[in-house]
Amino acid sequence: ADLVRIIAEAPAHLAPGGRLFLETGVEQHPRLLEVLASAGWGEATTHQDYSGRDRFISARVGTAL
C-alpha cells in the first residue's frame, strides 16, 4: 500500500519528465507495474537484483499521458 501511495503522490513532487525509482518485493513487482501504467507513468522499466529477480522499477512521470 505504501508503494501505491508513493506512485500516486510522486508526480506532485517531481518535475515534468522526472523519474521515480522503487525497490519492490518480488511478489509486488507485477502489480506495481500495472499501477504505474494505469496512473499514467511512462517508460516503466524493470531492473533485476544480483540474483536475477525483478526487484527495482524506474518510471518517468508524464510521458504516458
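Residues numbered from 1 in each chain as written. Predicted model: local features only at pLDDT ≥ 70, side-chain atom pairs only at ≥ 80, totals over all residues. Heavy atoms only, no water.

### Observations concerning the overall build of the protein
Thought 1: What the protein contains, in helices and strands, is 2 helices and 3 strands.
Thought 2: In the protein, the order of α-helices and β-strands from amino to carboxyl end is α-β-α-β-β.
Thought 3: Relative to a compact globule of 65 residues, whose C-alpha radius of gyration would be 11 Å, the protein shows 11 Å and is just as compact.
Thought 4: With the C-alpha coordinates aligned to their principal axes, the bounding extent of the protein is approximately 35 × 20 × 15 Å.
Thought 5: Per element, the accessible surface of the protein, about 4,300 Å² overall, is 54% carbon and sulfur.
Thought 6: Within the protein, the 8 negative side-chain charges are centred at a point lying 3 Å from the centre of the 6 positive side-chain charges. (Helix = DSSP H or I, 4+ residues; strand = E, 2+ residues; numbered from the N terminus. Rg over C-alpha atoms; globule rule 2.2 N^0.38 Å. Areas by Shrake-Rupley, 256 points an atom, 1.4 Å probe, with all protein chains shown as cover. Lys, Arg positive; Asp, Glu negative; His and termini not counted. Charge placed at Lys NZ, Arg CZ, Asp CG, Glu CD.)

### Thoughts on the nonpolar core
Thought 1: With 12 residues, the main nonpolar core is built from L3, I7, A10, L20, L22, L32, V35, L36, W41, I57, A59 and V61.
Thought 2: Those elements that place two or more of their residues in this core are α1 (2-9), β1 (19-23), α2 (29-38) and β3 (54-60).
Thought 3: Per element, the largest residue contribution to this core is 3 residues, and it comes from α2.
Thought 4: When sequence neighbours within four positions are dropped, the list of residues in contact with I57 reads L20, F21, L22, T24, H29, L32, L33, L36, T45 and H47. (Core = buried A, V, L, I, M, F, W, Y, C linked by side-chain atoms within 4.5 Å. Buried < 20%, exposed > 50% of the residue type's maximum accessible area, 1.4 Å probe, protein only. Contact = heavy atoms within 4.5 Å.)

All quantities given are derived from atomic positions and should not be read as evidence of function.
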